[in-house]
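# Notes for the structure review
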Amino acid sequence: MNFLDGSLFPENQEPLVITAAPYGPEWEPEDFPQDIPISMDEHVQKAVDCYNAGATVLHLHVREENGKGSKRLSKFNELLERLREAVPEMILQVGGSISFSPEGEGAEAKWLSDDTRHMLAELTPTPDQVTIAINTNQMNIVEQMTDADIAGTSIAEPDLYRAYREMTIPAGPEWVEEHIRRLSEKGIQTHFQLANICQLETVERMMRRGTCNVPLILTWVALGGGFDAPNIYNLANFVRAVPDGAVLTLESSMLNVLPLNMMAIAMGLHVRCGIEDNIWTQDRSRKMGSVEQIEQLVRISRDFGRPIADAKQARRIYRIGEFYSSTDETLARNGFSPNRKSGQRGFLMQAAE
């Protein structure tokens, strides 16, 4: 991305799109009973509260009545149907893992089978987005968590800690290409969850080969443990590699969430918060719910002078419903240089529109 003179002025930035992740599938209900929804009514009310606080994208998972993360597509269909009525303008983003919480004591924290995850394209009503990881990768979410982060929570239990430490993301090239194809056929946007530049480069190559004709709407997920660490050097390196036509959100874990989101607000990027990412205030004096986290970002962004996107603006910024018919269109719309033609030498540039 290019940062020209004035790029940090709020009048030259898009309104801020806030993604809420309020369902926290890695936590047990007793970890934060005041803020973890269990019943379907509670799931819906949490979405309404996040929307009213200023979030226009909802990253959703769903629990069974016993509090365990649900892996039943029928449960997701039920939640999606009710959310379409309760928050009709909100961008509904289904977590592509469905739910990665362990099902029992000592169980592995793992994603569902490839065939089952393909069924996300059959959800009814259709979500606006499904998140997707690129390239099979370690996802050790506890690597950079401190003892204070997990003190008194279920993740501090040795079996669960080990399960999350050993978690991996299955995302091989054949499955990824087929999944994007199925989502696109159903009018569902792919939201890329990327851990590093290597994964961004794979997405670019797919677009150059014509197997991924979609907008580059992505999140840099800085968790450590197989993902980039959330520091300024990794952030700057990743942002430099992202083309100008992309829409970039930043995501991190625990006390890294707020500082990274403040950087995103200042730079004209977008933010994500909620108890899936962090449950603490910055001094760890108490737990902090998803709605309060959204309200905090709204205040900070307004202090920066940057307005908060409403639902209509968020859909325009995220290019919801937009797909491309050719490789050339995909590269141009996302801000990549064109493919090299036979015999063409030197550096390549897009022709001015």
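Now for a quick tour of the structure. (Residues numbered from 1 in each chain as written. Predicted model: local features only at pLDDT ≥ 70, side-chain atom pairs only at ≥ 80, totals over all residues. Heavy atoms only, no water.)

### Describing the overall build of the protein
Definition in use: Helix and strand labels come from DSSP, where a helix needs a run of H or I of at least four residues and a strand needs a run of E of at least two; each type is numbered from the N terminus. Summary of the burial criterion: residues with accessible area below 20% of their type's maximum are buried, those above 50% are exposed, and those between are partly exposed, where the area comes from a 1.4 Å probe applied to protein chains only. We call two residues in contact whenever any of their non-hydrogen atoms come within 4.5 Å of each other.
Within the protein, the secondary structure is distributed over twelve helices and ten strands. Along the first, second and third principal axes, the C-alpha set of the protein runs to 60 × 45 × 40 Å. Looking at the 353 residues of the protein, the share that counts as buried comes to 57%. In the protein, 76% of the contacts between residues at least 6 apart in sequence involve partners at least 24 apart.

### Quick look at the nonpolar core
Stated precisely, the cut-off is as follows: To qualify as a nonpolar core, a set must consist of buried Ala, Val, Leu, Ile, Met, Phe, Trp, Tyr and Cys residues joined through side-chain atoms within 4.5 Å.
Ile-18, Leu-60, Phe-192, Leu-218 and Leu-248 are the most contacted members of the largest nonpolar core, which has 93 residues in total. The next biggest cluster of nonpolar side chains, apart from the first, holds nine residues, and it includes Ile-91, Val-247, Ala-314 and Ile-317.

### What to know about a nonpolar patch on the surface
Worth spelling out the cut-off: A patch consists of residues exposed above 30% relative accessible area that lack any salt bridge, with like charges linked at up to 9 Å and nonpolar side chains (Val, Leu, Ile, Met, Phe, Trp, Tyr) linked at up to 5 Å. We get accessible surface area from the Shrake-Rupley algorithm with a probe of 1.4 Å; when it comes to residues, only the shown protein chains can shield them. Salt bridges are defined as contacts in which a side-chain nitrogen from Lys or Arg sits within 4 Å of a carboxyl oxygen from Asp or Glu.
Side chains of Phe-3, Leu-8 and Phe-9 sit close together on the surface and give an oily, nonpolar patch of about 320 Å² of accessible area. Relative to the assigned elements, Phe-3 resides in the segment before β1 (18–20). According to the relative accessible area criterion, Phe-3 is partly exposed, its value standing at 39%.

### Thoughts on unusual backbone geometry
For residues besides glycine, phi is generally negative; the peptide bonds are generally trans as well. Here the amide bond leading from Thr-124 into Pro-125 is cis, since omega sits at -5 degrees, within 30 degrees of zero. For Pro-125, the location among the structural elements is in the loop between α3 (114–118) and β4 (129–133). Despite not being glycine, Met-254 shows a phi value in the positive range, around 55 degrees.

### Description of the sheet that holds strand β7 (residues 189–194)
We count it as follows: Strands were regarded as paired on the criterion that DSSP finds at least two bridges between them. Lines fitted to the C-alpha atoms define the axes, with helices restricted to the stretch that makes contact. Angles between their N-to-C directions range from 0 to 180 degrees.
Taken in spatial order, the eight strands of this closed barrel run β1-β2-β3-β4-β7-β8-β9-β10, and their pairing is parallel. With direction set aside, neighbouring strand axes in the sheet form an average angle of 30 degrees. By the bridge criterion, two bridges tie strand β3 (residues 91–94) to β4 in an arrangement that is parallel. The partner of Val-94 across the bridge, within β4, is Val-130.

### Things to note about the pattern of salt bridges
One pass over the structure, following the stated rule, counts 19 salt bridges. The partner of Arg-208 in a salt bridge is Glu-204, and the shortest N-O contact between them spans 2.9 Å. Here the residue Arg-208 and the residue Glu-204 both occupy positions in helix α7 (residues 197–208), the gap between them amounting to four residues, near one helical turn. With a relative accessible area of 22%, Glu-204 lands in the partly exposed category. For Glu-292, the salt bridge goes to Arg-286, with nearest N and O atoms at 2.6 Å. With a relative accessible area of 30%, Glu-292 lands in the partly exposed category. On the accessibility criterion, Arg-286 (40% relative accessible area) is partly exposed. One network of salt bridges, in which partners are shared, links Glu-178, Arg-181, Arg-182 and Glu-185.

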